[in-house]
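Chain residues, written in single-letter form:
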Amino acid sequence: MAISLTLPTIQNWSCHNCGGCCRQHAIEVTEEERQRILSQGWTANDGTPTGNALFERQGGPPWAKRYRLAHQADGACVFLNEQGLCRIHAKFGEAAKPLACRIYPYAVHPAGKQATVSLRFSCPSVVANRGRSMKQNADEIKQLARAIVPEGHERTPPPAVSARERVDWPDFRRFVDAIDYDLASTTASIGVKLQLILLWLDIVGESRFDKLSGTLLTEFLDIIRQSVHEVGLPMAEGQWKLTGGPPGALARMQFRMLTAQYARKDTAADLASGWRGRWKLFRAATKFARGIGNTPPLQTIFREVSFESLEQSFGIPAESEELWTRYFRVKVQGLHFCGPAYYGVPLVEGFQSLALIFPATMWIARWLAASQGRTQLTADDVSQALTISDHHHGYSPIFGSFGFRKRVRTLAQMDEIPRLIRWYSQ
Ligand code: SF4
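Calculation criteria
- Here the residue numbers are simple positions, counted from 1 along each chain's written sequence.
- Under the rules for a predicted model, residues below a pLDDT of 70 receive no local features and side-chain atom pairs below 80 are neither given nor counted, while totals for whole chains, interfaces and linings still include all residues.
- Note that water and hydrogens are dropped before the side-chain values are worked out from all heavy atoms of the structure.
- Every axis in this analysis is a line fitted to C-alpha atoms, fitted for helices over the stretch in contact. Angles between the N-to-C directions lie between 0 and 180 degrees.
- The helix count covers DSSP runs of H or I at least four residues long, the strand count covers runs of E at least two residues long, and both are numbered beginning at the N terminus.
- Our angle categories are set so that under 35 degrees counts as roughly parallel, over 145 as roughly antiparallel, 65 to 115 as roughly perpendicular, and the remainder as oblique.
- Whether a crossing is left-handed or right-handed is set by the direction in which the near helix is turned from the far one by less than a right angle, anticlockwise for left-handed and clockwise for right-handed.
- Whether two residues are in contact is decided by their heavy atoms, any of which lying within 4.5 Å being enough.
- The classification used treats Ala, Val, Leu, Ile, Met, Phe, Trp, Tyr, Cys and Pro as nonpolar, Asp, Glu, Lys and Arg as charged, and all other residues, Gly among them, as polar.
- Nearness of a residue to a molecule or strand requires only that one of the residue's heavy atoms be within 4 Å of it.

Draft legend 1. Geometry of the packing of helix 13 (residues 320-333) against helix 15 (residues 379-390). For the pair helix 13 and helix 15, interaxial distance at closest approach is 10 Å and the crossing angle is 20°. Regarding the angle of helix 13 to helix 15, the classification is roughly parallel. Regarding helix 13 and helix 15, the two cross each other, and that crossing is right-handed. Residues Ser320, Leu323, Trp324, Tyr327 and Lys331 of helix 13 form the contact with helix 15, whose own contacting residues are Ala379, Val382, Ser383, Leu386 and Asp390. The class makeup of the residues in the contact of helix 13 with helix 15 is six nonpolar, two polar and two charged.

Okay, here's the thing in structure tokens:
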């Protein structure tokens with residue numbers, strides 16, 4: 001099947017074998033992949049368990065059991081060797097690995113007649129923009145896309161625009177292109193760009209599109225964007241007065257709860273830790289809700305620091321601007337923020353959720369800096385924080401839950417997302 005792909009050409013990537021994904025992800029395997037791995041004849045001499053011990057039950061009824069690759073005591077995949085390399089890859093080649101391992105860090109999503117490609121920024125090489133251009137990777141991506149994009153993907157309808165409104169693919173692309181155009185601007189900081197897009201998307205969320213289509217829709221988007229830019233941009237520049245004041249106490253509480261979800265690790269080892277692990281998480285969630293005293297370290301890289309210390313200004317490293325612009329553009333172009341790629345959420349809500357990853361990540365970056373006794377952020381803090389937060393975005397089921405979505409909607413209704421963006425940008 002020939003698939004026409006839209007590639008995120010602003011992004012480079014090659015795997016640098018850091019082994020990070022083999023330590024973070026629970027890899028579910030199909031029955032065919034399980035049988036293939038069993039037939040590879042792994043023995044103790046290979047440094048792996050044997051037979052069924054290579055897998056762990058992932059749930060499913062007795063007649064359709066689901067399995068994932070087993071993990072070592074430290075949470076790493078059973079096939080990760082001492083050099084940080086995959087034993088299946090080393091012995092049988094790349095194609096012998098489970099599909100989920102081969103695809104990472106790519107994500108392919110339906111986009112009308114085409115499919116569009118995004119990347120996961122939980123991979124440090126993606127964050128660092130290290131490796132071959134997407135053009136150079138195109139053949140490999142096309143091959144992977146053939147394995148995962150189902151026949152008839154062109155018939156997948158576009159995500160909803162808002163809770164009430166749907167348009168066809170060409171019109172849906174007009175919204176996406178307008179967001180991307182604003183993100184690509186070099187005249188404003190990422191914080192300002194996000195605030196401006198959120199403002200005009202508020203108008204989109206309240207509008208009807210049954211009579212607005214094609215060039216009329218483009219004109220409508222141009223008009224609302226222009227007016228938001230004319231009024232909002234001069235106010236935003238320099239003094240951050242776009243939406244006035246710091247976030248309110250209720251918003252800060254909702255935000256801390258949301259950020260705690262992003263700061264968690266949730267490796268296979270964490271998932272297997274049972275009630276003891278859940279109780280620990282519940283205690284941590286309570287502390288995040290109160291926001292008093294010290295932060296409970298959700299991962300070993302975090303130290304206990306006072307919640308209050310993270311509310312001081314930590315600055316924003318100039319180098320992070322490029323990373324943030326690239327991150328949001330890859331996610332938006334790759335439709336990695338709404339529809340099937342993001343819990344079926346409409347475009348407006350999906351962008352609100354995506355925008356929140358900015359203050360959440362900056363908060364986590366502050367926590368990383370404060371854990372080392374620093375009060376200023378470095379570009380490395382921001383990069384590392386993004387590998388932590390993007391690990392979950394669109395993948396952890398909790399982010400698609402009623403509670404999480406309600407939290408995002410509440411922050412949006414209270415007009416607090418722009419304030420949070422501004423507060424954690426300084
Ligand atoms: S996290 Fe990225 S660089 Fe590291 S092994 Fe996985 S794909 Fe390669």
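On we go.
Draft legend 2. Structural context of the site of the ligand. Inspection of the region around the ligand gives Trp13, Cys15, His16, Asn17, Cys18, Gly19, Gly20, Cys21, Tyr104, Cys123, Pro124 and Ser125 as its neighbouring residues. Mapped by element, the contributors of at least two residues to the shell around the ligand are helix 1 (20-24) and helix 5 (124-127). Residue composition of the shell around the ligand, grouped by class: seven nonpolar, five polar and no charged.

Draft legend 3. Structural detail: the packing of helix 7 (residues 169-184) against helix 13. Remark: helix 7 packs on helix 13, axes separated minimally by 10 Å, with the N-to-C direction vectors making an angle of 170°. Relative to helix 13, the element helix 7 is oriented roughly antiparallel. Where helix 7 approaches helix 13, its residues Arg173, Val176, Ile179, Asp180, Leu183 and Ala184 are matched on the opposing element by Thr325, Phe328, Arg329, Val332 and Gln333. Each residue belonging to the contact of helix 7 with helix 13 can be placed in one class, and the counts come to six nonpolar, two polar and three charged.

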